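# Secondary and tertiary structure notes
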Amino acid sequence: MNLKEKYGEWGIILGATEGVGKATAEKIAQGGMNVVLVGRREEKLHELGKEISEKYNVEHLVIRADFSEENAADEIFEKTKDLDMGFMSYVACLHRFGKLQDTEWEWHQKMLNVNINTFLKCFYHYMGIFTKQKRGAVVNYSSLTGVTSSPYNAQYGACKAYIAKLTEAVAYESRGCVDVMAATLGSTITPSWLQNQPGGEEGKKAIAAAMTPEAVADEIFENLGKVRSLVVGERNRKNVHHWHCDLTADEAAEYMGKFYE
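Quick summary incoming for the structure in this document. Everything quoted here is computed from the prediction, not taken from an experiment.

Attention now goes to the state of the cysteines. On inspection of all chains with the given rule, the structure shows 0 disulfides. Sulfur of Cys122: no disulfide; nearest cysteine sulfur belongs to Cys93 and is 14 Å away. Among the residues examined, Cys122 registers a relative accessible area of 0% and is labelled buried.

A separate point is the packing of aromatic side chains. Taken as a whole and judged by the stated rule, the model has 8 aromatic pairs. Aromatic side chains Tyr126 and Phe130 sit 6.3 Å apart centroid to centroid with 35° between the ring planes, which places their arrangement in the tilted category. Here Tyr126 pairs with Phe130, and both are found in helix H5 (residues 105–133), just 4 residues apart, close to one helical turn. We classify Tyr126 as buried; its relative accessible area is 0%. Taking relative accessible area as the criterion, Phe130 reaches 0% and is therefore assigned buried. Seen from their ring centres, Trp243 and Tyr255 are 6.0 Å apart, and the 55° between their planes marks the pair as tilted.

Here the focus is a negative patch on the surface. A contiguous patch of negative charge on the surface is contributed by Glu43, Glu47, Glu51 and Glu54. Of note, Glu54 is situated in helix H3 (residues 42–56).

All right, on to the packing of helix H4 (residues 72–80) against H5 then. Interhelical geometry of H4 versus H5 gives an angle of 25° and a closest axis separation of 9 Å. Judged by the inter-axis angle, H4 sits roughly parallel to H5. For the crossing formed where H4 meets H5, the hand is right-handed. Of H5, the residues touching H4 (which contributes Ala72, Ala73, Ile76, Phe77 and Thr80) are Thr118, Lys121, Cys122, His125 and Tyr126. Considered class by class, the residues forming the contact of H4 with H5 number 6 nonpolar, 3 polar and 1 charged.

One pass over the full model with this rule turns up 13 salt bridges. In this structure, Glu18 engages Arg41 in a salt bridge whose closest nitrogen and oxygen atoms are separated by 3.3 Å. Taken together, the positions of Glu18 in the loop between strand S1 (10–14) and helix H2 (19–30) and Arg41 in the loop between strand S2 (34–39) and H3 put the pair 23 residues apart, joining distant regions of the chain. With a relative accessible area of 24%, Glu18 lands in the partly exposed category. A salt bridge links Lys55 to Glu26; the shortest N-O distance between them is 3.6 Å. Highlighted residues: Lys55 in helix H3 and Glu26 in helix H2, separated in sequence by 29 residues. A single salt-bridge network, built from bridges that share partners, covers Glu219, Glu234 and Arg237.

Over its 20 residues, helix H6 (residues 154–173) runs 29 Å from end to end, which matches the ideal 28 Å to within 8%, given 1.5 Å per residue. Buried residues of H6: Gln155, Tyr156, Gly157, Cys159, Lys160, Ile163, Ala164, Thr167, Val170 and Ala171, and no others.

Here the phi dihedral of Asn57 falls at roughly 60°; this positive angle occurs in a residue that is not glycine. Tracing the sequence through the fold places Asn57 in the loop between H3 and strand S3 (60–64). With a phi angle near 70°, Tyr152 is a residue other than glycine that sits in the positive phi range. As for its position among the elements, Tyr152 is in the loop between strand S5 (137–143) and H6.

Of all hydrophobic cores here, the largest spans 31 residues; its most connected members are Ile28, Phe87, Tyr141, Ile220, Leu224 and Val232. Secondary structure elements with two or more residues in this core: helix H1 (3–7), H2, S2, H3, S5, strand S6 (179–185) and helix H9 (213–223). Ranked by residues supplied to this core, first place goes to H2 with 4 residues. If we skip the residues at most four places from it in the chain, Val232 touches Ala183, Thr184, Leu185, Met211, Val216, Glu219, Ile220 and Arg237. Membership of the second largest hydrophobic core comes to 30 residues, among which are Ala65, Phe67, Val170 and Val180.

Attention now goes to the pairing of S1. Among the 5 residues in S1, 5 count as buried, and that is most of the element. Burial along S1 is two-sided: Trp10, Ile12 and Leu14 and Gly11 and Ile13, pointing in opposite directions, are all buried. Looking at chain direction, S1 and S2 are connected through 5 bridges and run parallel. In the strand pairing of S2, Trp10 is matched with Asn34. With 5 bridges connecting them, S1 and strand S4 (residues 85–90) associate as parallel partners. Residue Leu14 lies in a different strand from S4, and its bridge partner there is Tyr90.

Calculation criteria
Residues numbered from 1 in each chain as written. Predicted model: local features only at pLDDT ≥ 70, side-chain atom pairs only at ≥ 80, totals over all residues. Heavy atoms only, no water. Disulfide = S-S within 2.5 Å. Buried < 20%, exposed > 50% of the residue type's maximum accessible area, 1.4 Å probe, protein only. Phe/Tyr/Trp six-rings, centres within 6.5 Å; stacked < 30°, edge-to-face > 60°. Helix = DSSP H or I, 4+ residues; strand = E, 2+ residues; numbered from the N terminus. Patch = residues over 30% accessible without salt bridge, like charges linked within 9 Å, V, L, I, M, F, W, Y side chains within 5 Å. Areas by Shrake-Rupley, 256 points an atom, 1.4 Å probe, with all protein chains shown as cover. Salt bridge = Lys/Arg side-chain N within 4 Å of Asp/Glu carboxyl O. Lys, Arg positive; Asp, Glu negative; His and termini not counted. Charge placed at Lys NZ, Arg CZ, Asp CG, Glu CD. Axes fitted to C-alpha atoms, helices over the stretch in contact; angles between N-to-C directions. Parallel < 35°, antiparallel > 145°, perpendicular 65-115°, else oblique. Left-handed = near helix turned anticlockwise from the far one by under 90°. Contact = heavy atoms within 4.5 Å. Nonpolar A, V, L, I, M, F, W, Y, C, P; charged D, E, K, R; others polar. Expected span 1.5 Å × (residues − 1). Core = buried A, V, L, I, M, F, W, Y, C linked by side-chain atoms within 4.5 Å. Pairing = 2+ DSSP bridges.

Next comes the structure, spelled out in structure tokens:
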């Protein structure tokens, strides 16, 4: 699919450094779009941008931003205001394991900024542009932690539920004008995910059941413009069906909580 012809010249990936963000950036570049790569690790973003430009013959722009800061979105909007924007994907996320009251309030504020406030500002801003020009696409990433409650990861799970439900609603509102998708992911093999996995046989089982970022991106772009909400991966879809159909809310919370006990 020629994404440039369908959506516009430039796409922005908010949280592009590695994993699913990197795979999403490569996917839109493969479709002919120039890429705006946003994240905290500027040097790695420059390396990725150079790699993408050389591989796909597109332009790239790097913007350093800390999504946990109150006004993180302002500089992003300023630096993209003169570009023909046609795609946005919010990948950035922040979580901290532990009981709600045992997590420092400063961390709660940071999580709210990354997972809610900066997300909403960016979604609002670029949806305004896309709707006005009557073309564009958005892929916002949610997680299975937002499908059920997520004990010991409670705020993060609630934020991911917010991202999914807000995106699904806006996708319906903008149908026929802007292609919007809430993409819900399960275990995905990224550097940060690997750091949190156990060693030995349990770790091997977890890796065997997880998806690669490239497989995630392939399935999403195969369905972009066709569905407004997608649980990515057949195993993940079966899990969601089981949680919704076979378990009570209490049972689902207990099932998720035991992962961290």
